[in-house]
Amino acid sequence: MGVPERPPTVFRTMHATQKLSSRLSDNFGFDTFRPGQHQACSAAMQGRDTLVLMATGSGKSLCYQLPGLELEGVTVVVSPLISLAEDQAAHIRELGTHAAVLNSSKSKKQICQYREDIRSGKAEFVFTTPERLQQSDICDLLAEVGVDIFVIDEAHCASQWGHDFRPDYLCLHHARQRLGNPPILAMTATASPKTIVEIIRCLKLSDPEMIATGITRPNLRLDVVACVGEKEKTSALRDLFQAESDLDANEPAIVYCATTKTCERLRDELSDLPMPTLCYHGRMKQSLRSESQSAFMDGPPAVMFATNAFGLGIDKPDIRRVVHYDLPGSLEAYYQEAGRAGRDGSAAACTLFFDREDIGLQKMFASGAIDSSQLMTAHHTLVKGIERWGDDGDGVSLTDLKRISPLGRQTLKQCLQQLAARGYAAPAGRGRWACLLDTIDHAVTDGIAADARMRCEDRRIAIDQMVSYAESSECRWTILQKHFETSSASDQLCRCGNCGGVDADVA
Ligand code: ADP
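Residues numbered from 1 in each chain as written. Predicted model: local features only at pLDDT ≥ 70, side-chain atom pairs only at ≥ 80, totals over all residues. Heavy atoms only, no water.

Visitor: Sorry, what's going on with the overall build of the protein here?
Guide: Within the protein, the regular secondary structure consists of 18 helices and 16 strands. What you see for the protein is a C-alpha radius of gyration of 24 Å, in line with the 23 Å of a compact globule of 507 residues. Along the first, second and third principal axes, the C-alpha atoms of the protein reach 80 × 60 × 40 Å. Counting only residues that meet the buried cut, the protein has 53% of its 507 residues in that class. When contacts within the protein are restricted to residue pairs at least 6 apart in sequence, long-range pairs at least 24 apart make up 74% of them. On the protein, roughly 22500 Å² of surface is accessible, and the fraction owed to carbon and sulfur atoms is 50%. Charge centroids of the protein, computed over 55 positive and 66 negative side chains, lie 4 Å from each other. (Helix = DSSP H or I, 4+ residues; strand = E, 2+ residues; numbered from the N terminus. Rg over C-alpha atoms; globule rule 2.2 N^0.38 Å. Buried < 20%, exposed > 50% of the residue type's maximum accessible area, 1.4 Å probe, protein only. Contact = heavy atoms within 4.5 Å. Areas by Shrake-Rupley, 256 points an atom, 1.4 Å probe, with all protein chains shown as cover. Lys, Arg positive; Asp, Glu negative; His and termini not counted. Charge placed at Lys NZ, Arg CZ, Asp CG, Glu CD.)

Have a look at this one:
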């Protein structure tokens, strides 16, 4: 029997293009693809590793939703947060397709049901977290039914250089192997060339198709307000919220602060603003944090005073203002946080307060490199900890490790993260760590320590870049474009404070 002849490539490509276009209108009701979407869908359909860099609100989800609907197997989507996975699953269900969600918030009964949905082929999309994918039975089940695309959302979390680093992302390439080596579709809104290199390395993407459509969001106005001293800053903040502006005063806003103390102080001092003031930071009890987040997301418009802990899951569409009260640590962090404004496409303002005094605080955050002997000690602690508590194969908790380690908790954690990046350790979920290699050489720890020193230097450079942005009189969008190198300056009316291209929509 002869091998069936394959249609010529041009025909196949045309056919696939037509199919994608008709899917776009039939399933999503859209007439045309937005820039980058068709290329991303085609690459994913062809089984290529793909890295999508598209600005917030530009339509990244469609890049996996459409091929996921078209292909027969399961599309597995990893998100760093449970809330993000839930939102994405809700979109899939709106499209009339079944989505399973596997994460720690689900009851045993729900997980059993979802597993059955996967086994029977009912679930076309599976949303999960990196922690869950470390459980081999989940990967085995998914591999059995066949995974077509492995989507990694917020892929910049894989980069230790980036601001939202998640150690669990370092294990995703192991998960990919266990899933039967499906192609990866990695997506992010903010990644500098350096971050991109690290994403490719950490996720072990093979000759990825790169799709970068630019970071510019014309509805965002970028501004910097120079201040000297705390008093002046606080009063400038008050002025900002009380100023006559076409950005309705009673619209949701976030004020990012560098410390928990500043968040609480500002929340109290500005409690006489016409709208509610809220607070969110890592030192608050989990229940209070959730309460505060829900009040901001679902309650009446409020001002949220937060540290960068108020992060990834915040995709409220109508945030009209994001203020950075203190200098962020990098342009990546700044743009990721400022970019939470105006997701609905309407005018929004991003204002950075800049006091040269803030540079010192950021530089202090950027210090603290680890050395080779600390890494040796951390590895030794891990081996001993596993001998003592890790019999069940579930790893050992950081808290237990701390009990037998001379290192401080933070240093120990940092060392374990570095060991994980080199394949000597691995996060095992819920703050637990597994040991992958029992012995480690001095040459290896020396190498990791040298790397860590470089990272500290990198962080100092990142602060300098942030300061240059704050002090520059150049177009602010051009500075960001140059930094992220994803597109050249556009000829649209620029809405940054330095260009003065202010139109009727934005004050
Ligand atoms: P991102 O993940 O990049 O922030 P989303 O995927 O949430 O953005 O998409 C933002 C909005 O754009 C959604 O409302 C989505 O329905 C819409 N959208 C996506 N693709 C298209 C398209 N081709 N045409 C029109 N609207 C689109």
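Visitor: Is there a simple way to explain the confidence of the model for the protein in this structure?
Guide: Interpretation of the predicted coordinates at a detailed level should be avoided for regions scoring low in pLDDT. Mean pLDDT over the protein works out to 87, with 91% of the residues at or above the 70 mark. This stretch, residues 1–12, has a pLDDT under 50; its non-local contacts, to residues over four places away or in other chains, come to two contacts. Segment residues 503–507: pLDDT under 50, and 14 contacts once partners within four positions in sequence are set aside and those in other chains are kept. (pLDDT = per-residue confidence, 0-100.)

Visitor: Explain the site of the ligand to me, please; I cannot follow it from the model alone.
Guide: Taken together, 13 residues sit near the ligand, with Thr32, Gln37, Gly57, Lys60 and Ser61 positioned nearest. One of the side-chain N or O atoms of Arg34 is found 3.0 Å from an oxygen atom in the ligand. A distance of 3.4 Å separates an oxygen atom of the ligand from a polar atom in the backbone of Ser58. Compared with its free state, where it exposes 570 Å², the ligand has 68% of that area covered by protein. In terms of residue class, the shell around the ligand is made up of three nonpolar, seven polar and three charged. (Near = heavy atom within 4 Å. Polar contact = N/O pair within 3.5 Å; in protein donor to acceptor, adjacent residues only side chain to side chain. Nonpolar A, V, L, I, M, F, W, Y, C, P; charged D, E, K, R; others polar.)

Visitor: What should I look at first to understand unusual backbone geometry in this one?
Guide: Excluding glycine, residues mostly have negative phi values, and the peptide bonds linking residues are mostly trans. Even without glycine at this site, Lys204 takes up a positive phi of about 55 degrees. If you trace the backbone, Lys204 turns up in the loop between α8 (193–203) and β7 (209–212). The backbone of Asp207 sits at a positive phi, close to 40 degrees, despite the residue not being glycine. Under the relative-accessibility criterion, Asp207 is labelled exposed at 61%.

Visitor: Which parts of the structure should I look at to understand the packing of aromatic side chains?
Guide: The way to describe two aromatic rings as a pair is by their centre distance and the angle between their planes. Following the criterion strictly, the structure yields 10 aromatic pairs and no others. For the ring pair Tyr64 and Phe127, a centre distance of 6.5 Å and an interplane angle of 70 degrees mean the geometry is edge-to-face. Placement of the pair is Tyr64 in helix α3 (residues 62–70) and Phe127 in strand β4 (residues 125–128), with a sequence separation of 63 residues. Overall, Tyr64 belongs to the buried group, its relative accessible area being 0%. By relative accessible area, which is 0% here, Phe127 ends up buried. Each residue in the set Tyr64, Phe125 and Phe127 is aromatic and connected to the rest through ring pairs, giving one cluster. Looking at Lys233, its charged tip hangs above the ring of Tyr325, at a distance of 4.5 Å from the centre. (Phe/Tyr/Trp six-rings, centres within 6.5 Å; stacked < 30°, edge-to-face > 60°. Lys NZ or Arg CZ within 6 Å of the ring centre and 35° of its normal.)

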